[in-house]
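Structural description and commentary
Residues per chain are reported as follows:
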Amino acid sequence: MSAAVGAERPQVVSHVQQALSYTVFDCKWVPRSARLLCLGSAARGTGIVQLYELHGARLELLREIEKPKPIKCGTFGATSLQQRYLATGDFDGNLNIWNLEAPEKPVYSVKGHKEIINSIDGVGGLGIGEGAPEIVTGSRDGTVKVWDPRQNDTPVASMEPVQGESKRDCWTVAFGNAYNQEERVVCAGYDNGDIKLFDLKTMSLRWETNIKNGVCSVEFDRKDINMNKLVATSLEGKFHVFDMRTQHPTKGFASVSEKAQKSTIWQVRHLPQNRDIFMTSGGSGSLHLWKYEYPAQRSKKDSDGSEMGVAGSVSLLQNVTLSTQPISSLDWSPDKKGLCVCGAFDQTVRVLIVTKLNKI
């Protein structure tokens with residue numbers, strides 16, 4: 001029985017490995033293509049963007065672009081499928097948007113932050129999420145800013161520490177709740193364990209909590225629906241899944257936490273074709289594939305009659321160690337189920353195939 005069950009478990013297969021001559025910080029699939037991007041920092045302190053195309057079992061380098069400052073993060077989320085412009089955040093606090101067909105000059109550029117942009121996310125493009133095409137950036141300068149590339153140099157929203165509050169390094173940002181023209185939230189995670197949920201409709205802090213360890217990555221299971229689930233990963237090898245459907249007046253959102261490994265969990269990425277499956281990447285060079293199971297009832301009434309959420313459970317589907325160095329970036333293909341790319345600090349990008357995802 002157990003052998004049969006084992007045979008049905010997804011396998012994580014390393015399909016292609018490509019050695020790089022620079023430190024890779026982010027990897028992204030180019031939507032509607034067999035192409036992927038690697039973003040990073042060259043030894044001489046410049047930024048690198050490489051565009052690869054997958055041909056069977058090899059990656060062909062189509063283009064390499066060098067920029068003045070190392071590039072930390074990128075997103076296609078605020079662009080149309082026709083344009084597929086790449087938005088990047090760099091070590092100097094610049095937000096740039098690039099047309100990869102003509103990458104000499106950015107199509108949009110703003111000095112967004114005083115220090116490095118650690119994290120970027122986009123929504124309203126690619127047919128994902130209602131409302132304006134917007135980009136959110138989180139920086140070491142402690143601020144989180146939302147940009148509309150159709151407007152010039154000013155952010156449409158800026159979340160900054162209140163007076164007297166010490167600034168915290170913002171490590172991760174994510175959009176969610178963009179299911180109609182009006183609704184939209186930004187979640188931000190900080191180096192001291194703070195997680196803050198900003199409501200862009202009311203321009204207010206909707207919820208905050210602290211997970212006691214630096215928050216390395218946050219992601220909603222989908223951006224274009226009513227908030228459903230949020231996963232937050234931490235410096236100490238734990239992740240937390242919050243059920244975002246029911247917010248209790250004092251207790252906030254119900255959550256389940258899991259100690260995945262001994263080292264940092266750098267990233268979490270939900271499978272686009274099944275939002276209850278997600279992958280975490282670790283400081284030990286490993287990937288873990290998880291499945292979230294909903295409880296029989298997602299909410300219940302407390303003694304005061306207020307609705308409170310009920311957390312589900314997570315189960316480990318598979319794990320694999322690919323590298324001796326941390327896997328710092330991870331991206332699922334939006335088009336091919338089970339196709340994945342990850343970049344690690346061993347200066348290698350790997351294309352992975354995860355099998356049997358339709359059996360789960």
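The structure this text deals with has already been given above.
Remember, it's a predicted structure, so these values are computed and weren't measured experimentally. (Residues numbered from 1 in each chain as written. Predicted model: local features only at pLDDT ≥ 70, side-chain atom pairs only at ≥ 80, totals over all residues. Heavy atoms only, no water.)

**Observations concerning the sheet that holds strand E15 (residues 185–190)**
Taken in spatial order, the four strands line up as E14-E15-E16-E17 in an open sheet, and their pairing is antiparallel. Edge positions in the sheet fall to strand E14 (170–176) and strand E17 (204–210), since each has one partner strand and no second. In this sheet, neighbouring strand axes are inclined to one another by 20° on average, regardless of whether the strands run parallel or antiparallel. (Pairing = 2+ DSSP bridges. Helix = DSSP H or I, 4+ residues; strand = E, 2+ residues; numbered from the N terminus. Axes fitted to C-alpha atoms, helices over the stretch in contact; angles between N-to-C directions.)

**So, the side chain of Arg269**
With respect to the helices and strands, the residue Arg269 is situated in strand E22 (residues 265–271). Owing to a relative accessible area of 16%, Arg269 belongs among the buried residues under this scheme. Within the local environment of Arg269, its side chain forms a polar contact with the backbone oxygen of Leu330, the two atoms lying 3.3 Å apart. Contact partners of Arg269, with chain neighbours within four places excluded, come to Ser217, Glu219, Phe278, Met279, Leu330 and Trp332. (Buried < 20%, exposed > 50% of the residue type's maximum accessible area, 1.4 Å probe, protein only. Polar contact = N/O pair within 3.5 Å; in protein donor to acceptor, adjacent residues only side chain to side chain. Contact = heavy atoms within 4.5 Å.)

**Regarding the pattern of salt bridges**
Pairs can form between side chains of opposite charge whenever their charged atoms are close. Tallying each qualifying case throughout the model produces 22 salt bridges. One salt bridge in this structure joins Glu66 and Arg44, with 2.8 Å as the shortest N-O distance. In this pair, Glu66 is assigned in strand E5 (residues 58–67) and Arg44 in the loop between strand E3 (35–41) and strand E4 (47–55), connecting sequence segments 22 residues apart. With relative accessibility at 38%, the residue Glu66 sits in the partly exposed group. Judged by its relative accessible area of 63%, Arg44 falls in the exposed class. Measuring nitrogen to oxygen at the nearest pair gives 3.1 Å for the salt bridge that ties Glu183 to Lys201. One end of the pair, Glu183, is in the loop between E14 and E15; the other, Lys201, is in the loop between strand E16 (194–199) and E17, and 18 residues separate them in sequence. Of the residues examined, Lys201 reaches a relative accessible area of 48% and is grouped as partly exposed. Salt bridges linked by common partners bring Asp221, Lys229, Arg275 and Asp276 together as one network. (Salt bridge = Lys/Arg side-chain N within 4 Å of Asp/Glu carboxyl O.)

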